[in-house]
Amino acid sequence: MFRLPPVGKNDKRTNEAAAVEEASTQASEAVEPMPLTDRGRIILAVFFALFAAWFVLDAFFPGAFHRAPPAIQETKSAFARCVGIVSLMAIPFLIALFPLYAALRGVKVYEQFVEGAKEGFNVAVKIIPFLVAILVAVGMFRAVGGVAMISSALSPVLDRLGFPTDLLPMVLVRPLSGSATTGLFTELVKTHGPDALITRMGGTIFGSTETTFYVLAVYFGSVSIRKTRHAVAAGLIADFTGVVASVIVCRLVFS
């Protein structure tokens, strides 16, 4: 009486159950990382000590370890020099830290990287329609002069607030497209030079903000989410905060 009706091979419930069972099997077969041993802790401590020594030598004894870039050497402010050295060390530090930490915990780094690359290819194929849509929308907005119109309307207000109007097109395009922002920043560097205050502001804004609409289209689209709720408002508020903070910090550090 209570027996479930028979289902065929093409039944949706059967396929879902099989998918859930396969996922649980793979999860059970996944190898958990080993706890960090005392030897691993010593290696990590030596790793952090080497980078700390690099920072101290470059910050307080310029030229003792290696010659830093001229832009850092010529900086008179100690805080600005420390910030420049940290930015110089950040990429090699992160590139070395994560594989080292994973290897110390018994993770097969190369194999995991290959598996992640496979998943990334599938995600890239899935988000192509959303990517095309956002790029076409950005191109149309720029082609009809939307950015130029908003810039001319806001210029009088921004001049009174001390915000450089040359940065406004870059700020407006940044939430829409990263490649377009790169082009505008390149023009900014060619016009004012790489060491100008406005160029430093633009570079800081470029690193402190995000392509909000692009990210929403790609990442929400990849998981088929259409109702983003407060994600757009939160992203734009974060971008605005990054722009304001970039201008204030650059004026305090580089003026």
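The rules behind the values
- Residues numbered from 1 in each chain as written.
- Predicted model: local features only at pLDDT ≥ 70, side-chain atom pairs only at ≥ 80, totals over all residues.
- Heavy atoms only, no water.
- Core = buried A, V, L, I, M, F, W, Y, C linked by side-chain atoms within 4.5 Å.
- Buried < 20%, exposed > 50% of the residue type's maximum accessible area, 1.4 Å probe, protein only.
- Helix = DSSP H or I, 4+ residues; strand = E, 2+ residues; numbered from the N terminus.
- Contact = heavy atoms within 4.5 Å.
- pLDDT = per-residue confidence, 0-100.
- Salt bridge = Lys/Arg side-chain N within 4 Å of Asp/Glu carboxyl O.
- Expected span 1.5 Å × (residues − 1).
- Arc of directions from axis to C-beta.

### Topic: the nonpolar core
Next up, step 1: Of all hydrophobic cores here, the largest spans 18 residues; its most connected members are F163, L167 and I205.
Next up, step 2: Only α7 (146-161), α8 (168-173), α9 (178-192), α10 (197-208) and α12 (231-254) provide two or more residues apiece to this core.
Next up, step 3: Other than its neighbours up to four places away in sequence, I205 contacts L167, V171, V243, S246 and V247.
Next up, step 4: Core analysis: the second largest hydrophobic core is formed by ten residues, L36, W54, A59 and M89 among them.

### Some remarks on the confidence of the model for the chain
Next up, step 1: For the chain, the mean per-residue pLDDT works out to 79, and 81% of the residues sit at or above 70.
Next up, step 2: Averaged over each element, pLDDT in the chain is lowest for helix α1 (residues 12-29) (50) and highest for α10 (91).

### Considering the pattern of salt bridges
Next up, step 1: Enumeration according to the criterion identifies three salt bridges in this entry.
Next up, step 2: With a shortest N-O distance of 3.7 Å, D195 and R200 are connected by a salt bridge.
Next up, step 3: We classify D195 as exposed; its relative accessible area is 55%.
Next up, step 4: By relative accessible area, R200 is classed as partly exposed at 26%.

### Some points on helix α11 (residues 212-222)
Next up, step 1: Along α11, the residues that are buried comprise T212, L216, A217, V218, G221 and S222.
Next up, step 2: S224 lies just past α11 and shows a positive phi near 60°.

### Thoughts on the environment of L104
Next up, step 1: As for its position among the elements, L104 is in helix α4 (residues 78-104).
Next up, step 2: L104 sits 71 residues away from P33 along the chain, and the two C-alpha atoms are 9.3 Å apart.
Next up, step 3: Once you skip the residues sitting within four places of it in the chain, L104 turns out to touch L36, G40, I43 and L44.

### Considerations on α10
Next up, step 1: Given a rise of 1.5 Å per residue, twelve residues ought to cover 16 Å, and the 16 Å separating the end C-alpha atoms of α10 matches this to within 8%.
Next up, step 2: Every buried residue of α10 is accounted for by I198, T199, M201, G202 and I205. Along the axis of α10, the buried residues cluster in a sector spanning 155°; they form a single face.
Next up, step 3: The inward-facing, buried residues of α10 contact α8, α9 and α12.

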